[in-house]
Amino acid sequence: EVQLQASGGGLVQAGGSLRLSCEASGFTFDDYAIGWFRQAPGREREGVSCISHTGGSTYYADSVKGRFTISRDNAKNTVYLQMNSLKPEDTAVYYCAAPSERLWVPPVALDSTYYNYWGQGTQVTVSS
């Protein structure tokens, strides 16, 4: 059974940092890209970042470029999202997800419709 477990969320002041982790099990982790998405109350789910199965390619939403960094440790079956210079508008539930195909980054890397496997979310709240 594919499982993705996101953790690391919390409450932080604007300008602060958090590191999210996504631990995976039940599939060949290093064959799959992993994406991070977020959803704020009353808003649609938004793609944040994606990393290819080798870690050699990364993708970011314009809203987080230069502030967030995605990385992975395939030996630990874990993807990280380092979030710096956090803003109140980053407040959301953050989810990690794996796409439907192995050895593949979706044609639109941050389009959630290409992702079949989702973990439970972790809440990030940034106070002003």
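Q: What is the right way to look at the state of the cysteines in this model?
A: Each disulfide is one covalent bond, formed between the sulfur atoms of two cysteines. Inspection of the entire model under this criterion finds 1 disulfide. Between the sulfur of Cys-22 and that of Cys-96 lies a disulfide, 2.1 Å long from S to S. Between Cys-22 and Cys-96 the disulfide shows an S-S torsion of about 75 degrees. By sign, it is right-handed. Of this pair, Cys-22 sits in strand 3 (residues 18-25) while Cys-96 sits in strand 9 (residues 92-99), and the two are 74 residues apart along the sequence. With no disulfide of its own, Cys-50 lies 12 Å from the sulfur of Cys-22, the closest cysteine sulfur.

Q: Would you mind showing me how to read the nonpolar core here?
A: One broad rule of soluble globular proteins: the nonpolar side chains tend to lie buried together. With 30 residues, the main nonpolar core has Ile-34, Trp-36, Leu-81, Met-83 and Tyr-94 as its most contacted residues. Of all elements in the fold, only strand 1 (3-7), strand 3, strand 4 (34-39), strand 5 (46-51), strand 7 (68-73), strand 8 (78-83), strand 9 and strand 11 (122-127) reach the threshold of two or more residues within this core. In this structure, Ala-33, Phe-37, Ala-109 and Tyr-115 belong to the second largest nonpolar core, which totals 6 residues.

Calculation criteria
Residues numbered from 1 in each chain as written. Predicted model: local features only at pLDDT ≥ 70, side-chain atom pairs only at ≥ 80, totals over all residues. Heavy atoms only, no water. Disulfide = S-S within 2.5 Å. Helix = DSSP H or I, 4+ residues; strand = E, 2+ residues; numbered from the N terminus. Core = buried A, V, L, I, M, F, W, Y, C linked by side-chain atoms within 4.5 Å. Buried < 20%, exposed > 50% of the residue type's maximum accessible area, 1.4 Å probe, protein only.

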